[in-house]
Every structure is written in structure tokens, then in C-alpha cells.
Amino acid sequence: MPLFAVGFLLVILQPSTAQFPRACANAQSLLRKECCPPWDGDGSPCGELSSRGSCQNILLSQAPLGPQFPFSGVDDREDWPSVFYNRTCKCEGNFMGFNCGECKFGFSGLNCTERRLRTRRNIFQLTTSEKDKFLAYLNLAKNTPSQDYVIATGTYTQMNSGSNPMFRNINVYDLFVWMHYYASRDTLLGGSNVWRDIDFAHEAPGFLPWHRVFLLMWEREIQKITGDENFTIPYWDWRDAEDCVVCTDEYMGGRHPTNPNLLSPASFFSSWQV
């Protein structure tokens, strides 16, 4: 299973797990264009000695680009992740992750053979303690640096084709803010020129599966930092809603009394910054 969830879905749709693994955010990996980190369990790349996976060339779609993207070779997300890496871990069986060190969604256990069913619940059916725990988990994610992933602060060209890595740390919550932005942002054409008529996360058939994987990954990272294997993201069923009933200080934040662009000062999230 390839390693990234940036989702250049107009070109290829593959299962994925996150953005830039910390283990590959270095000049050596970028210059070799290889991201096959060792699995801690046996010390071999992609856990190959334990038959978890192997380091292989990535497979790219041969389908032509559509007319909605009249460029080639100008966007780092094109034929992802080949601009940065052309060899990554291909995981076997129920293993996944940038080093095949995790289980596929829905599986657990030492060898990822145990089926695990988790049920997401309506946020309004949570007890007060369950709701408060959910908000506390979000706050923890906002204040916990990601141990496995970093974000790129420059393009591959700005990184001098890999010899000058440009990455920075980020907290677990903002990692997913960044991933969503990175997949949907404009194409940078150089200088101040951009191509705005593109959105790789929303304007293609990959809209539903991209966000499905995005939520599963976000859920997984919360489980990891909290140690709560049973955590699931609550949902809001807004089909018949006439107003934003979760937009209250008890839940996701009410509106500021004088500035409609801000959250209420009483909101749990009012002090958050991206």
C-alpha cells in the first residue's frame, strides 16, 4: 500500500496513509527517490523479513490527463508521489502504512488478522462525559506533535531536487488540516502565477473515497495518541437541519457576538490557531 493521502485523484486513486513520513524527509531519501523505512519489529525495510511488505517501484496510471488540467510537470502532486519518491513500501495482506507497520482499517492484532468493528455514533446521542472526552481528544491532538509525519514547506524545485529538504513539524490535528489544504490548493506555476481551476480532493470521482480514507486516517491517529482503540468520530446528521445545531459553545463553537468571522469566546475552540 503506498504511503500518501494527498490524493492526486485525477491521475490515480490508490489506498494511502499520510503525507511525508518523517523517516523519509531527508536529503538521502529524496535524492534516492526512495521511501522504504524499516519496520521496528524486525528492522528490515517495509518489514520484508516478516513478510509484511517490500520496497517496490510505484505504479502510475497511464491514462491521459483530462483537458481540465492543461499542464504537465509543473505540480508536485502530479503522478503522486513520483516527484519525491518512485520507490515506496508495497504492503501485503492486512498490513498498511509507510513502513507496513500498521494494520489495515478494520483489522487489529499482532498479525492484523483480527476483525474489529467500530460504530460511529450521532454526536447528539453521546452522553455529556462522552462528548467532553471527544472534545478533550481534539484538544490533545491540537497540542501533540506528530511523531510519524512532517509537512513540506517548499516545492521539490525549491528543495533543489531533494538536496535541500524543506519540512517542518506539525501537530496531529493540523496535519490533517494541511493534508486537506495540500490536496485542494491551487497549482503553483512559479512566481505569483497560479492555476485556480483545480481541486484534486473535491472535483473528481475521488471525492468520496478520498474523504473516506481521510477520516479513517484521522480516526486512527486519535486512537494512537490517546491509546483509546475504541475511539470513533461522532457524526452530525444534518439532512433535515434548518440551522447549524452543532454550532454552539457546548459542541463545535457558537458565533462571536460582534464578529461573525470568529467563534464565541466561550467556545472550547476559540483560542485555536492554524
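Since we're looking at a predicted model, the values are computed, not measured. (Residues numbered from 1 in each chain as written. Predicted model: local features only at pLDDT ≥ 70, side-chain atom pairs only at ≥ 80, totals over all residues. Heavy atoms only, no water.)

Participant: With reference to specific residues and values, describe the pattern of salt bridges.
Facilitator: For the structure on display, the rule yields 15 salt bridges. The shortest N-O distance in the salt bridge between glutamate 34 and arginine 32 comes to 3.2 Å. A salt bridge links lysine 131 to aspartate 132, with the shortest nitrogen-to-oxygen separation between them at 3.0 Å. Connected via shared salt-bridge partners are Glu102, Asp148, Arg220, Glu221 and Lys224. (Salt bridge = Lys/Arg side-chain N within 4 Å of Asp/Glu carboxyl O.)

Participant: Lay out the sheet that holds strand β3 (residues 53-57) in plain terms, naming residues and giving numbers.
Facilitator: Here we have three strands laid out as an open sheet, ordered β2-β4-β3, and mixed in their pairing. Pairing within the sheet leaves two strands with one partner each, and these edge strands are β2 (34-35) and β3. As paired elements, β2 and strand β4 (residues 87-91) share two bridges and run parallel to each other. Bridge pairing links cysteine 35 to threonine 88 in β4. (Pairing = 2+ DSSP bridges. Helix = DSSP H or I, 4+ residues; strand = E, 2+ residues; numbered from the N terminus.)

Participant: Now, about the packing of helix α2 (residues 128-142) against helix α4 (residues 207-226): what can you tell me, with residues and values included?
Facilitator: In a packed pair of helices, the relevant descriptors are the angle between the two axes and the axis-to-axis distance. Running from N to C, α2 and α4 cross one another at 90°; their axes reach a closest spacing of 10 Å. It follows from the interaxial angle that α2 and α4 lie roughly perpendicular. Together, Phe134, Tyr137, Leu138, Leu140 and Ala141 of α2 and Trp218, Ile222, Ile225 and Thr226 of α4 make up the contact between the two elements. (Axes fitted to C-alpha atoms, helices over the stretch in contact; angles between N-to-C directions. Parallel < 35°, antiparallel > 145°, perpendicular 65-115°, else oblique. Contact = heavy atoms within 4.5 Å.)

Participant: Requested: an account of the UniProt feature "domain: Tyrosinase copper-binding" (unreviewed entry) in the chain, with residues and values cited.
Facilitator: Following the UniProt record, the feature "domain: Tyrosinase copper-binding" (unreviewed entry) maps to residues 202-219 here. Between the end C-alpha atoms of residues 202-219 the distance is 20 Å, and the span holds 72% helix and 0% strand. (UniProt positions renumbered as here; feature names shortened; annotations may be inferred.)

Participant: Give a description of the nonpolar core that names residues and reports values.
Facilitator: The biggest cluster of nonpolar side chains holds 28 residues, and the ones touching the most others in it are Phe134, Leu138, Leu175, Phe176, Trp218 and Phe231. Looking at this core, the elements with two or more residues in it are α2, β9 (149-152), α3 (172-184) and α4. Residue assignment places this core across two domains, with domain 1 (22-61 + 72-235) and domain 2 (238-273) each supplying three or more. With residues near it in sequence (within four places) discarded, leucine 175 still touches Ser146, Tyr149, Ile151 and Ile170. (Core = buried A, V, L, I, M, F, W, Y, C linked by side-chain atoms within 4.5 Å. Buried < 20%, exposed > 50% of the residue type's maximum accessible area, 1.4 Å probe, protein only. Domains from an automatic or database assignment.)

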